[in-house]
Amino acid sequence: MGNSASAALPYKIGDQTHPPFRNPYTAGYAIHKATSNSDNSNVTAFKASKPDLVKTPLDKFGPKDPSYTQILPALQHFYRSKTILHPNVLKVHALLDTDYPNQESPVNASAVNAGNLSSLEASATTGELIIITEECMPLEDWLSSLDSANVEQNSNMLAYGILCILQALTFLHQNAKLAHGALSPHSIFVTRSGDFKLFYYTLATPIGIEDGGGGPTAHFRKFESYLVPPQYRSPERKETRWDVIQNAAVHAVDSYSLGILFEYLYSHTPTFGYGGQVPEKLKKAVIRLQTNNIKMRPRVHPLLKCPVFAENEYVQLNDSLSTMDLKGVEEKVIFLQKLPSLMAPGGTLSGRSMCVYKIVPILVSCLRQATMKGPDGSEGGSGGVLQDVDRRLIMAVTPAFFQIAEMHLRQDPSEFKAIVTPMIERLFAVNDRGIRGALLARTSLLAAHLDAAALNKSVFEPMCSGFTDSSGPLRELTLKSSICLVSHLTPANLEKLTRYLVRLQSDADASIRTNTVIFIGKIAPKLTEVSQGKLVLPAFTRALKDNFNPCRLAALRAVLSCKDYFDSKTLAESVLPCVVPHLVDAAGDVREEAFVVLDEFTRLLREESRSKILAAGGEEGGNAVDMSASQQRSAPAPAPSSGGYLSSLSSWMTTQAQNNEDGSGGGNKAQTPIQAPASTPAPAPQPAFSSLTLSDALNTKPITAGAGGGGGDNGDDGGWSDDDFDADDNGGAPKDILDGITKSKLTSAQSTSTWATADNEDAFFASFENGGAPTKSTKSSGGKLILPSSKKKEKTAVKKLSGGVDVSDGWDDF
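Rules used throughout
- Residues numbered from 1 in each chain as written.
- Predicted model: local features only at pLDDT ≥ 70, side-chain atom pairs only at ≥ 80, totals over all residues.
- Heavy atoms only, no water.
- Helix = DSSP H or I, 4+ residues; strand = E, 2+ residues; numbered from the N terminus.
- Buried < 20%, exposed > 50% of the residue type's maximum accessible area, 1.4 Å probe, protein only.
- Contact = heavy atoms within 4.5 Å.
- Areas by Shrake-Rupley, 256 points an atom, 1.4 Å probe, with all protein chains shown as cover.
- Phe/Tyr/Trp six-rings, centres within 6.5 Å; stacked < 30°, edge-to-face > 60°.
- Lys NZ or Arg CZ within 6 Å of the ring centre and 35° of its normal.
- 1 Å grid on protein atoms, 1.4 Å probe; cavity = no way out; pocket = protein on both sides within 12 Å on 5 of 7 lines; lining within 4 Å.
- Points joined across faces, edges and corners; volume = space filled by probe spheres on them.
- Nonpolar A, V, L, I, M, F, W, Y, C, P; charged D, E, K, R; others polar.
- Pairing = 2+ DSSP bridges.
- Salt bridge = Lys/Arg side-chain N within 4 Å of Asp/Glu carboxyl O.
- Axes fitted to C-alpha atoms, helices over the stretch in contact; angles between N-to-C directions.
- Core = buried A, V, L, I, M, F, W, Y, C linked by side-chain atoms within 4.5 Å.
- Expected span 1.5 Å × (residues − 1).
- Parallel < 35°, antiparallel > 145°, perpendicular 65-115°, else oblique.
- Left-handed = near helix turned anticlockwise from the far one by under 90°.

1. Some details on the overall build of the protein
Turning to step 1, where the next piece is worked out: Regarding its fold elements, the protein presents 33 helices and eight strands.
Turning to step 2, where the next piece is worked out: Counting all 814 residues of the protein, 46% fall into the buried class.
Turning to step 3, where the next piece is worked out: Long-range contacts, defined as pairs at least 24 residues apart, comprise 70% of the intrachain contacts of the protein with a sequence gap of at least 6.
Turning to step 4, where the next piece is worked out: Summed over all atoms, the accessible surface of the protein reaches about 40,200 Å², with 52% contributed by carbon and sulfur.

2. Remarks on the packing of aromatic side chains
Turning to step 1, where the next piece is worked out: For the structure on display, the rule yields 15 aromatic pairs.
Turning to step 2, where the next piece is worked out: Plain terms: the ring middles of Phe 46 and Phe 199 are 5.1 Å apart, the flat faces sit at 50° to each other, and that makes the pair tilted. Taken together, the positions of Phe 46 in strand 3 (residues 42-49) and Phe 199 in the loop between strand 8 (196-198) and helix 7 (218-227) put the pair 153 residues apart, joining distant regions of the chain.
Turning to step 3, where the next piece is worked out: Judged by relative accessible area, Phe 199 falls into the buried class, the value being 0%.
Turning to step 4, where the next piece is worked out: An aromatic cluster is defined as three or more aromatic residues linked by ring pairs; in this entry it consists of Phe 46, Phe 189, Phe 199, Tyr 200 and Tyr 201.
Turning to step 5, where the next piece is worked out: The aromatic ring of Tyr 68 is capped on one face by Lys 222, whose charged end is 4.6 Å from the ring centroid.

3. Section: empty space enclosed by the protein
Turning to step 1, where the next piece is worked out: If you walk through the whole model with that rule in mind, you get three cavities of 30 Å³ or more.
Turning to step 2, where the next piece is worked out: Lining the second largest cavity, in full, are Tyr 25, Ala 182, Ser 184, His 186, Ser 187, Tyr 200, Thr 202 and Leu 227.
Turning to step 3, where the next piece is worked out: Per-class residue counts for the lining of the second largest cavity are four nonpolar, four polar and no charged.

4. Regarding the pairing of strand 2 (residues 30-36)
Turning to step 1, where the next piece is worked out: Judged by how many residues are buried, strand 2 sits mostly within the fold: five of seven residues are covered.
Turning to step 2, where the next piece is worked out: Pairing geometry for strand 1 (residues 11-18) and strand 2, over five bridges, is antiparallel. Paired with His 18 across the bridge in strand 2 is Ile 31.
Turning to step 3, where the next piece is worked out: By the bridge criterion, six bridges tie strand 2 to strand 3 in an arrangement that is antiparallel. Bridge pairing links Lys 33 to Thr 44 in strand 3.

5. Considering the pattern of salt bridges
Turning to step 1, where the next piece is worked out: Counted by the stated rule, this structure contains 28 salt bridges.
Turning to step 2, where the next piece is worked out: Notably, a salt bridge pairs Glu 415 with Arg 352, separated by 2.6 Å at the nearest N-O pair. Here Glu 415, found in helix 17 (residues 413-428), pairs with Arg 352, found in helix 15 (residues 352-370); they are 63 residues apart in sequence, far enough to count as distant.
Turning to step 3, where the next piece is worked out: You can call Glu 415 buried: its relative accessible area is 12%.
Turning to step 4, where the next piece is worked out: Residue Asp 432 pairs with Arg 391 through a salt bridge whose shortest N-O separation is 2.7 Å.

6. Description of the sheet that holds strand 7 (residues 188-191)
Turning to step 1, where the next piece is worked out: Pairing is antiparallel across the open sheet formed by three strands, whose spatial order is 6-7-8. Here the strands that pair on one side only, and so sit at the sheet edges, are strand 6 (136-138) and strand 8. The mean angle between the axes of side-by-side strands here comes to 40°, regardless of whether they run parallel or antiparallel.
Turning to step 2, where the next piece is worked out: Alignment of strand 6 against strand 7, held across three bridges, turns out to be antiparallel. Paired with Met 137 across the two strands is Val 190, which belongs to strand 7.
Turning to step 3, where the next piece is worked out: On top of the sheet, helix 6 (residues 151-176) reaches strand 7 and strand 8; it is set at about 25° to strand 8, its chief contact.

7. Thoughts on the nonpolar core
Turning to step 1, where the next piece is worked out: Core analysis: the largest hydrophobic core is formed by 182 residues, its most contacted members being Tyr 29, Phe 46, Leu 258, Leu 339, Leu 349 and Ile 359.
Turning to step 2, where the next piece is worked out: Leave out the neighbours within four places in its chain, and Leu 349 touches Tyr 314, Leu 317, Asn 318, Leu 321, Leu 339, Leu 342, Met 343, Met 354, Cys 355 and Ile 359.
Turning to step 3, where the next piece is worked out: Grouped together as the second largest cluster of nonpolar side chains are ten residues, Ile 13, Val 43, Ala 94 and Leu 96 included.

8. Details of unusual backbone geometry
Turning to step 1, where the next piece is worked out: Positive phi, normally seen in glycine, also occurs at Asn 40, with a value near 60°.
Turning to step 2, where the next piece is worked out: Backbone geometry places Tyr 200, a non-glycine residue, at a positive phi of 60°.
Turning to step 3, where the next piece is worked out: For Tyr 200, the position within the fold is in the loop between strand 8 and helix 7.

9. Let's talk about helix 27 (residues 588-616)
Turning to step 1, where the next piece is worked out: For helix 27, spanning 29 residues, the distance from its first C-alpha to its last is 42 Å, which sits close to the expected 42 Å at 1.5 Å a residue.
Turning to step 2, where the next piece is worked out: Those residues of helix 27 that fall on the buried side of the exposure criterion are Val 590, Glu 593, Ala 594, Val 597, Leu 598, Glu 600 and Phe 601.
Turning to step 3, where the next piece is worked out: Buried residues along helix 27 sit in contact with helix 25 (549-561) and helix 26 (568-579).
Turning to step 4, where the next piece is worked out: Following helix 27 by one or two positions, Gly 617 adopts a phi angle in the positive range, close to 100°.

10. Focus on the environment of Ala 447
Turning to step 1, where the next piece is worked out: Take Ala 447: it is sitting in helix 19 (residues 443-449).
Turning to step 2, where the next piece is worked out: Between the C-alpha atom of Ala 447 and that of Cys 484, which follows or precedes it by 37 residues, the distance is 6.5 Å.

11. Here's the deal with the packing of helix 10 (residues 252-268) against helix 11 (residues 280-289)
Turning to step 1, where the next piece is worked out: The N-to-C vectors of helix 10 and helix 11 enclose an angle of 140°; their axes lie 8 Å apart at closest approach. Our classification of the angle between helix 10 and helix 11 gives oblique. In terms of crossing hand, the pair formed by helix 10 and helix 11 is left-handed. Contact residues: Ser 255, Tyr 256, Leu 258, Gly 259, Phe 262, Glu 263 and Tyr 266 in helix 10; Leu 282, Val 286 and Leu 289 in helix 11.
Turning to step 2, where the next piece is worked out: Partitioning the contact of helix 10 with helix 11 into residue classes produces seven nonpolar, two polar and one charged.

Below you can see the structure in the form of structure tokens.
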């Protein structure tokens, strides 16, 4: 809003909150919301249109003279605002008379001070008057906003507000040598911190000026009856006895108005705890202030010692806060260390407006003072070495600041970001472990109320230096604090975090290694698929080799919690081989957890296998198995060869006989059958042999099947499988073997040997299943089977995997 001239101000004027002519005591100024262009902070704009002021007559109080318009009081206030500066008067940031944006106005300060009407009348009246002040609201609005339930707090705030007005009037009377002249509820504004501020200098005047009229300025005498409610005008003003005012003290006019103001404030609402009455300790002072004898009215300054103000803890604390910039560093530290208890719920300074709008700016100011650098006083908090006194000041500021952030700022996300983010950046820049630890302890609060951009730039990036700090506790605290930031990190910062986690797994501190494993298990769901593949399994593999028991236990639990991120192949080939060795771990809790992990993973693999079978169709799968077996049995037998079954059998029997001879000391002793162990595990399935005959071993020509050779496969058994050697399935020995034996040139004695009948052949093959071997005879007569005295064939050595083989976990590649 505003014309092109008003755009020259570094402020953006927003919506109007109070109209310009809401009452006759505002000099025609409308109130607008406004913001600063530099930092977007809130301010208040007072804006008046000169053409409207010229056309608007002053209100009904005083003589009805249409020539009395609002333009001259508005100009008087505008130019007085430039020259009056005090903590208890409304702070003016900028002023603009759009008729004179780039040149001096014909109105000068001396003319205004003298009440020269002709000087004011010479000003152009086509533009606007704009005054930018600190954010505030009229006193009437503040009184209406009070919570009637907080009687004690309301009483304290009112007492402090009155103290502010007393201090402002004392400044005007003693230092500026001015009487305000328009003191009333309409000339008081309240800031967001609860401070009362004096404004509207439409009648501000020196007293006793020799201007020919005897008394206050001509401007005051002309307009005072229009710009002040009649009850706030002293008797001599109503009687226009300017000579009496001229000869009185400068405070006399305002003292009378102050007495009326006291009664208004305490009777306006019963929420101050005095039943709508002035406090007893103030009644006597109010009576004296309202006396008709101008010379008997007391000065304002002694009222500052009244017990209503001097003995009020809230007032004293506020007064200390207001003068904080004047205190030494040690005094600041002592006061700031008390703030957390004072701001606690139910504390003296627990109000939101007090904490957010008064204490926070003071804390920011203290922090800037402590982080100054360079001889020129430039700011930065560059991370240089702090003096001990500055470090102590920052350590006193930090707890109070975060207490306010948690109790009050979190209610407004935009306010939280605007206030907290600059403070966080400055605090993280300080190179001090104690301050860094205090910040890391509040990371969860920051993560909950700052946006992702602020967290990545202002929190995560500066805190990364803690991962490589030489202090173990700080590295561990950095690790624990960063977990709440993971979901807000950008891909680049997430990748950066994983690299720090890899480094921490080799940390010399066992607790940090353990917490790193736990950390990885917690953040695995938030990682991308690529990051999961790079980090999760290699991290768990390394942790399972750690010699610190809690680290291995944490790794097993983390593996179990991340089971959803491993497919069945990874579980079987990579995860379980790392878990199984811990079934015999030296630590009992690690063993128990390993069994839990193993049971869960085998259950998952079993369910995966069943689901695959069901997906393929149970009946179709069964038919496929039957067809495979049938095709194997129906395959034609290959031609006999020298590498047949009996050659292998003979080699085995020769070796076994040699072993028996070596063990017994002679070949004539009875053979001792091989005994199975007491608790022999179930025999492993025997390998299937195909295309095997006895022709090579017996050196006979193959003969067709004869009596006693029947098998269970109806002659279609050329290709043997494991079932062909099962006596229970076929009821006898394999057909090819019986054919070779019954058609050979054997004597009657030979026909009664072990190899003569199917039953004996069953016993022969059963000996393989029982772990024994047929009895070997070394004689060549009697028709018995003569084994060739061939040299024992050496078996190919089988290379076994030793338990000590180091299976790479891929960590180094990562």
